[in-house]
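These are the residues of each chain, in order.
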Amino acid sequence: MRFLSFNVNGIRACAKKTLIDDLMNSQADVIGLQETKATPEQVKETLEALDGYYIYAYSAEKKGYSGTAILSKIKPLSVTYGIGINEHDSEGRCITAEYDDLYYVTAYIPNAGSGLKRLDYRSQRWDPAFRSYLVDLAQTKPVVLCGDLNVAHQPIDIARPKSNYNKSAGYTQAEIDGFTALLNAGFVDTFRHLHPEEVKYSWWSYRTRGRDRNIGWRLDYFMVSERLLPKVSASLIRNDIFGSDHCPVELVLD
């Protein structure tokens, strides 16, 4: 199976570029999208030219904010919106599709925000709740987690680690510790597992034209339950695909 994950930073804007062609060309069986900034109806309307996929979308209560979607060539056994906790389920940040042999979760993890205003919420409330949700799923079937996890875990995952450490959202010790706790709970960062020394990023700032200079961050991941690791044959960062300030990431399971 081939999986794709893409933070589109506004699905309607991205679709005016090359999104539809990029998704078709990916030949992915299952696709997770984040930061759609659209209602489920708007997502489906935007993707109406994309043939062969069941579409499941989840939006935030606040219009034009956050939002996730799953596109699947295979009809899931079930689809769950959110993680079952009201505090965390008003922003459309997580969708889970259940298949015969695994759960596929796409998530757009809360950003700590300007001035780290949401860091406590992110690190003390969201991260533990989301980790518990994934661990519970994994007791039934192995889990594939994809999405914009809004953290650069190691210095290799960010172009300028020293100047950003504990100052910028996505590279504070609290966020790093949350990611480490997910690893310790039985999940594997597939890209770093297969490419332990490769420097590659999935997000670049529009404001500073970071992509032109490759001053970026690795914020987008495919994580899998440890027992799925023998089936992982490829984990890629598709920085040849444009259309957003993020690029897609890809996972192939035998």
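Look up: the structure comes first, before these words.
In this report, the structure presented in the accompanying data block is examined. These numbers were taken from a predicted model, which means no experiment stands behind them.

Cut-off values and rules
- Residues numbered from 1 in each chain as written.
- Predicted model: local features only at pLDDT ≥ 70, side-chain atom pairs only at ≥ 80, totals over all residues.
- Heavy atoms only, no water.
- Helix = DSSP H or I, 4+ residues; strand = E, 2+ residues; numbered from the N terminus.
- Expected span 1.5 Å × (residues − 1).
- Bend = angle between axes of the 7 residues up to and from the residue.
- Buried < 20%, exposed > 50% of the residue type's maximum accessible area, 1.4 Å probe, protein only.
- 1 Å grid on protein atoms, 1.4 Å probe; cavity = no way out; pocket = protein on both sides within 12 Å on 5 of 7 lines; lining within 4 Å.
- Points joined across faces, edges and corners; volume = space filled by probe spheres on them.
- Phe/Tyr/Trp six-rings, centres within 6.5 Å; stacked < 30°, edge-to-face > 60°.
- Lys NZ or Arg CZ within 6 Å of the ring centre and 35° of its normal.
- Pairing = 2+ DSSP bridges.
- Axes fitted to C-alpha atoms, helices over the stretch in contact; angles between N-to-C directions.
- Right-handed = clockwise from strand over helix to strand, strands pointing away.

## With respect to helix α4 (residues 119-138)
And step 1. Between its terminal C-alpha atoms α4 stretches 27 Å, which fits the 28 Å expected from 20 residues at 1.5 Å a residue.
And step 2. Of all the bends in α4, the largest measures some 40 degrees and sits at Trp126, one to four residues before the proline Pro128.
And step 3. All of the buried residues along α4 are Leu119, Tyr121, Arg122, Ser123, Trp126, Asp127, Ala129, Phe130, Tyr133, Leu134, Leu137 and Ala138.

## Details of the layout of surface pockets
If you roll a probe as big as a water molecule over the atoms, it shows you where there is empty space left.
And step 1. Volume-wise, the largest pocket comes out at about 630 Å³.
And step 2. Considered as a void within the structure, the second largest pocket measures approximately 190 Å³ in volume.
And step 3. If you trace the second largest pocket, you find it lined by Met1, Tyr99, Asp100, Asp101, Leu102, Pro142, Arg227, Leu228, Lys231, Leu253 and Asp254.

## Looking at the packing of aromatic side chains
The way to describe two aromatic rings as a pair is by their centre distance and the angle between their planes.
And step 1. Summed over all chains, the structure comprises 7 aromatic pairs.
And step 2. Between Trp126 and Phe130 the ring centres are 5.3 Å apart and the planes differ by 25 degrees, which places this aromatic pair in the stacked class. Taken together, the positions of Trp126 and Phe130, both in helix α4 and 4 residues apart, correspond to about one turn of that helix. For the pair formed by Trp126 and Phe130, the shared burial category is buried.
And step 3. Centre to centre, the rings of Tyr165 and Tyr171 are 5.8 Å apart; their planes meet at 70 degrees, and the pair counts as edge-to-face.
And step 4. On the basis of relative accessible area, Tyr165 is assigned to the partly exposed category, the value being 34%.
And step 5. What makes Tyr171 buried here is its relative accessible area of 5%.
And step 6. For the cation-ring pair, Lys62 lies above Tyr65, with the distance from its terminal atom to the ring centre recorded as 4.9 Å.

## A closer look at the sheet that holds strand β6 (residues 94-98)
And step 1. Read across the open sheet, the 6 strands follow the order β5-β6-β7-β8-β12-β9; overall the sheet is mixed. Single-partner strands in this sheet number two, and they are β5 (78-81) and β9 (187-189). Taking each pair of neighbouring strands and ignoring which way they run, the sheet shows an average axis angle of 20 degrees.
And step 2. Direction of pairing for β5 relative to β6: antiparallel, over a ladder of 4 bridges. Residue pairing across strands places Val79 opposite Ala97, the latter belonging to β6.

## Points about the pairing of strand β8 (residues 143-148)
And step 1. Across the 6 residues of β8, 6 count as buried, placing the element largely inside the fold.
And step 2. Relative to β8, strand β7 (residues 103-108) runs parallel, the two sharing 6 bridges. Paired with Ala107 across the strands is Gly147, a residue of β8.
And step 3. With α4 bridging β7 and the parallel β8, this β-α-β connection has right-handed handedness.
And step 4. As defined by bridge partners, β8 adjoins strand β12 (residues 220-225) across 5 bridges and the pair is classed as antiparallel. Bridge pairing in β12 links Val144 to Val224.

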